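# Chain and residue survey
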Amino acid sequence: MNDNDVSIHGKVLYSGIEKCPVCGRDTLHVIEILYSDPAFGDLILYSNQCDYCGYRRVDIQYLNSKGPSRITYDVKDDVDVYKTYIFRSRSARISSPELGFDIDPGPDAEAMITTIEGLLLRMIDVAERMEVLNEGDEESIRRLREFKDKVQRALQGGFRFRIIIEDPNGNSMIKPPPGRDSSVRIEPLNPMT
């Protein structure tokens, strides 16, 4: 095995320069790395980045399925917000009934690795974009602002809520701060749900 075969605990399956789907130039760096992870099993990390236009896409394909599951975590305070990690596979749905959002996977969904803080900041960003799109619709603007206020309180640890991940392949996880692992509930998910 030579040095080109391994990249930080993974085996490089492919590395090359290809045509960028955005600018059409041969400046897209593509790399595919096979990893074996104790928590997730075997997975392939795909990374594409264009030197010319800045296009970027990262994705993860899980090679093992643990079976459909629902993961629930009760966020109680700001420690949970800032120190709990979410690993969402591209096929998983994330929701919070208390905050009032659902993130459904689409055909171009990417895997997500973030903290709960990062997820909440994304929700605020989406709400702000929707405010611009709904300019003139006072009721929509009012509901979006109420949502943003609730998420802001949650960011500060002043609002208790749940994060629920439903994954048909069981490859997502929630990693809470040390000592809070017992707060993560994992249950099998009926494939018809």
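Residues numbered from 1 in each chain as written. Predicted model: local features only at pLDDT ≥ 70, side-chain atom pairs only at ≥ 80, totals over all residues. Heavy atoms only, no water.

### Observations regarding the side chain of Glu131
Put simply, the rule reads: The helix count covers DSSP runs of H or I at least four residues long, the strand count covers runs of E at least two residues long, and both are numbered beginning at the N terminus. In this analysis, two residues are considered to be in contact whenever any of their non-hydrogen atoms come within 4.5 Å of each other.
Note on placement: Glu131 falls in helix H2 (residues 116–133). Beyond its immediate stretch of four places on either side in the chain, Glu131 contacts Ile141, Leu144, Arg145 and Lys148.

### What to know about the confidence of the model for the chain
The test is simple: Known as pLDDT, the predictor's confidence for each residue is given on a scale from 0 to 100.
For the chain, the mean per-residue pLDDT works out to 88, and 92% of the residues sit at or above 70. Below pLDDT 50 for its whole length, residues 1–7 participates in 10 contacts with residues either more than four positions away or in separate chains.

### Description of the sheet that holds strand S7 (residues 85–88)
The line we're drawing: In this analysis, strands are considered paired if DSSP registers two or more bridges between them. Convention adopted: a line fitted to C-alpha atoms gives each axis, helices being fitted over their contacting stretch, and angles between N-to-C directions are expressed from 0 to 180 degrees.
Spatially, the three strands line up as an open sheet ordered S10-S7-S12, and their pairing is antiparallel. At either margin of the open sheet sits one strand with a lone partner, and together these are strand S10 (112–115) and strand S12 (173–175). Across the sheet, the mean angle separating the axes of adjacent strands is 15° when strand polarity is ignored. Note that S7 and S12 share three bridges and pair antiparallel. Residue pairing for S12: Tyr85 is matched across the bridge by Lys175. Its contacts with the sheet put H2 on S7 and S10, and the angle it makes with S10 is roughly 100°.

### Some thoughts on the side chain of Asp80
Put simply, the rule is: Polar contacts here mean pairs of N or O atoms no more than 3.5 Å apart (in protein, one a potential hydrogen donor and the other a potential acceptor; neighbouring residues in sequence count only if both atoms are side-chain atoms).
Along the chain, the position of Asp80 falls in helix H1 (residues 78–83). At a separation of 2.9 Å, a polar atom in the side chain of Asp80 contacts the main-chain amide nitrogen of Lys76. Discounting residues that sit within four places of it in the chain, Asp80 has contacts with Tyr73, Asp74, Val75, Ile116, Pro177 and Arg180.

### Considering helix H3 (residues 138–155)
To keep it simple, the criterion reads: Expected helix span is given by 1.5 Å per residue-to-residue step, counting one fewer step than there are residues. For each residue, the accessible area found with a 1.4 Å probe, counting protein chains only, is set against the maximum for its type, and the residue is called buried under 20%, exposed over 50%, and partly exposed in between. Summarising the geometry, the arc corresponds to the directions from the helix axis toward the C-beta atoms.
With 18 residues, H3 extends 26 Å between its outermost C-alpha atoms, agreeing within 8% with the 26 Å of an ideal straight helix rising 1.5 Å per residue. Looking at H3, one finds that the buried residues are Ser140, Ile141, Leu144, Phe147, Lys148, Val151, Ala154 and Leu155. Angular distribution of buried residues about the axis of H3 spans 140°; they occupy a single face of the element. In this structure, the buried side of H3 is in contact with H1, strand S9 (101–103), H2 and strand S11 (161–167).

### What about the state of the cysteines?
Selection rule: In what follows, a disulfide is any cysteine sulfur pair within 2.5 Å.
Throughout the structure, instances matching the rule amount to zero disulfides. Residue Cys53 stays outside any disulfide, its sulfur separated by 3.7 Å from that of Cys20, the closest cysteine. On the basis of relative accessible area, Cys53 is assigned to the partly exposed category, the value being 36%.

### As for the sheet that holds S9
The five strands lie next to each other as S9-S8-S11-S6-S13, forming an open sheet whose pairing is antiparallel. The open sheet terminates on both sides in strands that have one partner only, identified here as S9 and strand S13 (184–188). Across this sheet, the average inter-strand angle for adjacent strands is 15°, counted without regard to direction. Two strands pair when backbone bridges link them, and strand S6 (residues 69–75) and S11 are joined in this way by seven bridges, in the antiparallel orientation. If you follow Ile71 over to S11, its bridge partner there is Ile165. Its contacts with the sheet place H2 against S6, strand S8 (93–96), S9 and S11, and it is angled at close to 100° to S9.

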